[in-house]
Each structure stands twice: as C-alpha cells, then as structure tokens.
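Coordinate inspection notes
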Amino acid sequence: MQVSRETEGTDVSHDNVWIMIPARGGSRGLPRKNVRLLGGRPLIRHVVEACLQVVPAGQIIVVTDDDEIDAIATETSARVMREEQTTGKATLDDVAAKVLPLLRTLGSAEDDIFLTVQPTCPLIKSDRITQAVRKFRDGAGSVVTVVDDRHLGWQIDDAGAPTPDYAARVNRQMLPPQYRETGAVIGCRIRDLAAQGTRIIEPIHLIEVSKQEALDIDTFADWVVAEYFIGRRDIVIRADAGKKLGMGHVFRALALAQEFAQHRVRIVTEKAEAIAFGLLSQSPFDVVQVDGNSGFLAWLQDNPADLVILDQLDTDVPYVRAIKAHCHRVVTFEDLGEGAMEADLVVSDLYKNLNVPDARQLSGLSNAILAPNFETITGAAPFRETVENILVLFGGTDPSQLTEKTLAALRDVDYGGQCTVVIGPGFGRPLALDDYGLKGTIHQNLKFMPAVMRSADLAVSSAGRTITELVSLGVPVLCMCQNSKELTHTHASARFGVVSIGMGSLAGPGTIAAHIQTLIDTPDLRRLLRERGLHETAGRSNKAIVSRMLERLDF
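The rules behind these values
- Residues numbered from 1 in each chain as written.
- Predicted model: local features only at pLDDT ≥ 70, side-chain atom pairs only at ≥ 80, totals over all residues.
- Heavy atoms only, no water.
- Axes fitted to C-alpha atoms, helices over the stretch in contact; angles between N-to-C directions.
- Helix = DSSP H or I, 4+ residues; strand = E, 2+ residues; numbered from the N terminus.
- Parallel < 35°, antiparallel > 145°, perpendicular 65-115°, else oblique.
- Contact = heavy atoms within 4.5 Å.
- Nonpolar A, V, L, I, M, F, W, Y, C, P; charged D, E, K, R; others polar.
- Core = buried A, V, L, I, M, F, W, Y, C linked by side-chain atoms within 4.5 Å.
- Buried < 20%, exposed > 50% of the residue type's maximum accessible area, 1.4 Å probe, protein only.
- Pairing = 2+ DSSP bridges.

Another point: the packing of helix H8 (residues 248–259) against helix H18 (residues 542–553). The interhelical angle for the contact between H8 and H18, taken along N-to-C directions, is 75°, at an axis separation of 10 Å. One element, H8, and the other, H18, form an angle in the roughly perpendicular class. Touching Ala255, Leu256 and Glu259 of H8 are Asn542, Lys543 and Val546, all from H18. Residues belonging to the contact of H8 with H18 are distributed by class as follows: 3 nonpolar, 1 polar and 2 charged.

Structure representation (structure tokens):
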C-alpha cells in the first residue's frame, strides 16, 4: 500500500478516464441533498464541475433515479444513465458494474481507468482526479482517497468489554496514522472491475486529502460545515507601521483579521519596517512582507483575493486600479487620496472623504474598529470625584515627544497621584518618572490595554484611535495632536468626551498644565465628558462594522 499527500495536478492525459457520479434522489438524513443548494448551486454540480475541469463531459456519467438530478446533470453536458428507484441498499460496486456496458458502447477500452466520485463530497479538488490518474500510471491497481483520522479509540471484544486499540496513551499527533476512507474518489481499471466485481484491486494506492476535501455530507451538521468552507473567502489586509507612521494601522489590521478569521486571511506589510512584522508575527495569521507597493502588486498577481483591505491612508488611482485587477472588491481605510474614488468602499471613523459618495462610505465613530479585547470588557470605568490616576499614552513611537511634555506639565501642577505611562515598541528614548518627581508605572508593549485604561480617571493622549478606546470606557481625555492630519479627526472634540489643545508640538508647558489642572479641579466637567463619550460609542462593535462593510459590498 502506498500513501501520497496532497499535490497539485500536472499535465496528465485524461483521455482514458471515465467517471461515474452516483446520485440517488432519496436521502433520509438530509432530504433531497443532491439537489439542495450549496453556495447557490445544487450539491451535485460542485462535483460535476470539478470533474469537468479535467475530463471531457462525454466521459462523465451521472447515474440517477431522479428527474431533477437528470436535468441538472444534463445542463452541465455530462452524460446521464437512468436506473430504477431503489432502497439504496445496492453497493457502489454493484452500480459500477451496471455502468460497464454503457462505457463499452461509448468506446471505452478494457485498460481504461474507471473512477467513482461521490456528489456528497463537494469540496474535492479536480487535482485529486489528476493525482489518481497518475497513480495508475505508477502501477496502482486501485486508488482510494483517505484522511488521517487518528484518535485514541476503543473496541468491544467478544465478551462485550471495551478494549483500547492503541498501545500507549499519548497525544493524538504522536499516534501512528489511522486512515479513514472519505468516499470522494475510488478507482480501478475497467478490466479489473469486470473480472472481480470490486473497485478495490491490489496494489492499493491511498491518496491522503485534507479534512476539508474529506467532508462527506450525510447530515445537516455536515451541511453546515460545507456551507462554512464554500463561503470561505481569500482576504488580504495591507497595513504598515513605523516610527513616523505609528502602530494604529497594524493594530486595526489585527482586529479586522480576527473578525474575518473564518476566512483565509493574510496580512501584508512593508519589509523595511521591522516593527510591524515583529508585532504581526506574534499573531495566528499569515504575514507576508513585501518591498513597497510595487512588491505588493507583484505578490497579489500571484495571490489573487476576493477582498483587499488597504489601511495605508491616502492612495492614488493607478495603485487602486492595479489592485482591483487581482481581486473582486477593494476597501480602503482613512483614505483621503484620489484612489478612494476607485475603491468599492471607504471606511473612516475619523473624518469623511467629501469626494466619495455616501453609498460607498462608512464614516463616524460608530465605524471605529477597536482592538478585540475592548469587545470583551463590559462596563465603563468607575467615576471618582478626585483624580487618583492619570494615564499618559501617545501611540507606539510618539515622534513629537508629547509624553515628556505631559510629564513635565504634571510636575508643574504638583500632581501627587498615580501616573501610568504607556509607550509602544517604537519608543526608543529613556524615560523615568523619578526625573519628573512623579510616582506610578511605565508600561511598554502592553498586552491588555483595557484594564489599564479602566483604572484611569483622566487620560492624556494624541488624536488617534486611542481616543475612541478611552471614551468607550468612559475615560475623559485631554488630547494633543501629533501631526496636522490628526487636526482633521472629528472625534477629538467635546461632543465625544474630549478636550483638545490642538497641535501638541505648539502647545507650551503652561497651556498643557493649565488644562490638566482644570480637569483635575472640575469633576462636573469630567463627568460630562464621560457621559458624552459613552453615549457616542454605545452599540459600537467590530462585528457590526464588518457586517455593514459586507452589506455595502454585497459580499
């Protein structure tokens, strides 16, 4: 016996290959399953179309007792052989033997290959048929598709007692392979089937397939699994990070990837920026590094996608058009460039692109994608009349050194409470609270931000997505913008629970200190800011945003 793993098909002649697809109309576990729509097509069509990719229609015979199945098969140009309605007790070897006379009238030779392909295995790839044909060329008497289904198992002996079918209790992956027939493909040569009345002929060659291809639909539970795999899409998320760009785009890419995790998700990032890859490589998602946008386009040409999400700020028309040549839909985030007008959808919680029609745009705080761990936190931060803990956080790199300016302002107002500072992986400067006469904690590369945010009575931050995270927990924010682009962020305002100073690099120590002192001394103002932030973010969720995206995309 030989076992081969999955391999892609190569050029192999299929002129001497005949395929039987047995498809009865009756089914108890899942009524009328062979004609039931899976992914918008009758179940049987999936297998017929896979076979048609490698074998001429005239060499595919659908054996059925049902008029509807007959019509569906005929529509694909496959041949149909009608049989009388049966109880389903006849074996497939019996059915195969009945097909032989038809094959001979169609010109088959005794040395030709005869394959049975089950319509209830809709995820089988056409490459498996080519692989099976290759096995006969290599000397196989018959081929059988199998899946490795090793588990700790038990049998019942003649006395009715359970006995283990394993030598030692070890982890499943340490057990020897245990192959189970999938039923998807079984084949032999015509002469052997005629002579021996069975499709299992020595030497037997096994073809190991994935659990996905091994799926054999028999119940509604199987059907749900098939719908999952049929509905799976290829999704590519393009996002970078760096000392100047910050980490927000990559964090959002991870949040989006988690929402799309039921699909095949790949995150593509710039090779020159080691910061992004270092963070992304710790995630469970596939990460691809490319050399700039040209490298991304070259990669996408070899890896076409159903959906490409660009979190790269302002795109141009040629770039987005080039991407659309290799995918079905393009979504851009925070895109004020001309490329946004080419995208199928633009999403931005921070500002609106006035050049993009509302029908192709989702904007506002309700469309803010947050880190997934903010979805699991329930309840807002407690409100205290006195400020006991001030949180200072200015993103992954803080290029304008607003962290140090804030600590200096806290020193100037003689703040005596706890100070919690969060710095990102790109923060490369030495920092010590003792240098400012402050007490508290400095966190770098923090793993669980919500818990730290919920302990704060007041936060001082830049005007990025961190603001949304804070106000969603009821934490009032004093905001300083890192750059001119952040000045356009509409959520950095009192309506959303934020007091904005404006451009942080232009704010003097006295201005920052005065604003901090006012917020410390005015609990009613902090309470009002808290209530506004909670009101504006009520009902926001990543799941709801992604659902709106897919609805707009008709995806």
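After that view, the rundown keeps rolling.
Let us look at the nonpolar core. One finds Ile19, Ile21, Ile44, Cys51, Val62 and Leu115 to be the most contacted residues of the largest nonpolar core, which totals 35 residues. The set of elements that each furnish at least two residues to this core consists of strand S2 (17–22), helix H1 (43–52), strand S5 (60–64), helix H2 (67–75), strand S7 (113–117), helix H4 (126–137), strand S8 (142–148) and strand S11 (179–189). Membership of the second largest hydrophobic core comes to 31 residues, among which are Val392, Tyr415, Met480 and Ile512.

Moving on, we come to the environment of leucine 152. Structurally, leucine 152 can be placed in the loop between S8 and strand S9 (154–156). For leucine 152, a relative accessible area of 32% corresponds to the partly exposed category. When residues no more than four places from it in sequence are discounted, the contact partners of leucine 152 are Asp165, Tyr166, Ala168, Arg169, Val170 and Leu175.

Let us look at the sheet that holds strand S14 (residues 264–270). Pairing in this open sheet of 7 strands is parallel, and the strands run S15-S14-S13-S16-S17-S18-S19 from one edge to the other. Edge positions in the sheet fall to strand S15 (286–290) and strand S19 (361–363), since each has one partner strand and no second. Across the sheet, the axes of successive neighbouring strands diverge by a mean angle of 20°, strand direction being ignored. Pairing analysis gives 3 bridges linking strand S17 (residues 327–333) to strand S18 (residues 345–348), with the strands arranged parallel. When the bridges of S18 are listed, phenylalanine 333 appears paired with valine 347. Here helix H11 (residues 317–324) sits on the sheet in contact with strand S13 (234–239), strand S16 (305–311) and S17, set at roughly 145° to S17.

Turning our eyes to something else, we now look at the sheet that holds strand S23 (residues 458–461). One open sheet accounts for 6 strands, arranged S22-S21-S20-S23-S24-S25; its pairing is parallel. Edge positions in the sheet fall to strand S22 (439–444) and strand S25 (498–503), since each has one partner strand and no second. With strand direction ignored, the average angle separating the axes of adjacent strands in the sheet is 15°. Of the pairings in the sheet, the one linking strand S20 (residues 389–393) to strand S21 (residues 418–423) comprises 5 bridges and is parallel in character. Bridge assignment links leucine 391 to a residue of S21, and that residue is threonine 420.

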